[in-house]
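# Analysis of the macromolecular model
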Amino acid sequence: MSILILRGPHPAAAVSADVLAALMARSYGLGKTLLVQTCANVRELVERLRGADERTTELVLLDPGELALQLDAGSDTGLRGALDALAAPYIEVHDDSATALEPRLQPLHMPLATVIINRNLAEGYRLALGIALRRLGRQDTASPCA
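A brief structural summary. Every chain is numbered independently, its residues counted from 1 as its sequence is written. Thresholds applied to this predicted model are a pLDDT of at least 70 for local features of residues and 80 or more for the giving and counting of side-chain atom pairs; totals over whole chains, interfaces and linings are not thresholded and use all residues. In computing side-chain properties, one takes all heavy atoms of the structure into account and sets aside hydrogens as well as water.

## Comments concerning the pairing of strand β4 (residues 90-94)
Most of β4 is tucked away: five of the five residues are buried. Residues Tyr90, Glu92 and His94 of β4 are buried on one face, and the alternating residues Ile91 and Val93, pointing to the opposite face, are buried as well. Note that strand β3 (residues 57-63) and β4 share three bridges and pair parallel. Of the residues in β4, the one forming a bridge with Leu61 is Ile91. Only strands joined by at least two bridges in the DSSP assignment are considered to pair. A run of H or I in DSSP becomes a helix once it reaches four residues, and a run of E becomes a strand once it reaches two; helices and strands are each numbered from the N terminus. One ladder, built from four bridges, connects β4 with strand β5 (residues 113-116); its direction is parallel. Its bridge partner lying in β5, Ile91 is registered against Ala113. Exposure is judged per residue with a 1.4 Å probe applied to protein chains only, and the accessible area is read against the type maximum: over 50% gives exposed, under 20% gives buried, and values in between give partly exposed.

Here it is in structure tokens:
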């Protein structure tokens, strides 16, 4: 079972390969695979969200990057529909509070959490992955109150 990171473009290398490798190692150590896919445009982001296999994707970390600035509730990019159809829970990750998706798209399938660490996307990824792993760990236990 896996966690899928969907990333949009960023003006600079906001999350280094070393940080991604550390996140992968952390996930693997807890029995989860971490898949990272980069999307160049909104169409690719929508396609990858729609293509997330519900049998293997347990949770999505969604980092739209600069693509978020291209969206608003009136635009018909298909992203809102893709989020609403997503079978897995998702966590939004941003490095700027101005890029949060919920105020722009108003999806029916809301994120499990929205993590915004202004100007520190790597720390946002670490925090979001921690939330994801904790959530998935709870799903693996039998106690509904854990």
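## Digging into the nonpolar core
We define a nonpolar core as any set of buried Ala, Val, Leu, Ile, Met, Phe, Trp, Tyr and Cys residues linked to one another through side-chain atoms lying within 4.5 Å. Core analysis: the biggest nonpolar cluster contains 21 residues, and Ile3, Leu23, Leu61, Ile91, Val93, Tyr125 and Leu129 have the highest contact counts within it. Mapped by element, the contributors of at least two residues to this core are β1 (2-7), α1 (17-29), β3, β4, β5 and α5 (121-140). At eight residues, α5 tops the list of elements feeding residues into this core. If we skip the residues at most four places from it in the chain, Leu23 touches Leu34, Tyr125, Arg126 and Leu129. Core analysis: the second largest hydrophobic core is formed by 20 residues, Leu4, Leu6, Val60 and Ala68 among them. Contact definition: two residues touch when any of their heavy atoms are within 4.5 Å.

## Focus on the sheet that holds β5
Strands in a sheet are paired, the pairing made by backbone hydrogen bonds, and the direction either parallel or antiparallel. On the basis of which strands lie adjacent, the open sheet formed by five strands has the order β2-β1-β3-β4-β5 and parallel pairing. What marks the edges here is a single partner per strand, and that holds for β2 (33-38) and β5. Direction aside, the axes of adjacent strands within the sheet are offset by 20° on average. Axis definition: a line fit to C-alpha positions, over the contact stretch in the case of helices; interaxial angles, taken between N-to-C directions, run 0 to 180 degrees.

## Focus on the pattern of salt bridges
Basic side-chain nitrogens of Lys or Arg form a salt bridge, by our definition, when they fall within 4 Å of a carboxyl oxygen of Asp or Glu. Taken as a whole and judged by the stated rule, the model has five salt bridges. Note that Arg55 is salt-bridged to Asp53, the shortest N-O span being 3.0 Å. The partly exposed category is assigned to Asp53, whose relative accessible area is 26%. We note a salt bridge from Arg80 to Asp84, for which the minimum N-O separation is 3.8 Å. Within this pair, Arg80 and its partner Asp84 are both found in helix α3 (residues 79-85), separated by four residues, close to a single helical turn. Among the residues examined, Arg80 registers a relative accessible area of 36% and is labelled partly exposed.

## Observations concerning the environment of Ala82
Relative to the helices and strands, Ala82 resides in helix α3. In this structure the C-alpha to C-alpha distance between Ala82 and His109, which are 27 residues apart in sequence, comes to 9.5 Å.

## Some remarks on α1
For a helix, the expected span equals 1.5 Å multiplied by the number of residues minus one. The terminal C-alpha atoms of α1 lie 18 Å apart, and with 13 residues this matches the ideal 18 Å at 1.5 Å per residue to within 8%. Among all positions in α1, only Val19, Leu20, Leu23 and Ser27 are buried. Taken end-on, α1 shows its buried residues confined to a sector of 100°, consistent with a single buried face. Looking at α1, the residues exposed on the side facing more than 90 degrees away from the buried face are Ala17, Asp18, Tyr28 and Gly29. Regarding the arc, it is the one traced by the directions from the helix axis to the C-beta atoms.

## As for the environment of Pro11
Mapped onto the elements of the fold, Pro11 is located in the loop between β1 and α1. Overall, Pro11 belongs to the exposed group, its relative accessible area being 73%. Pro11 sits 55 residues away from Glu66 along the chain, and the two C-alpha atoms are 7.7 Å apart.

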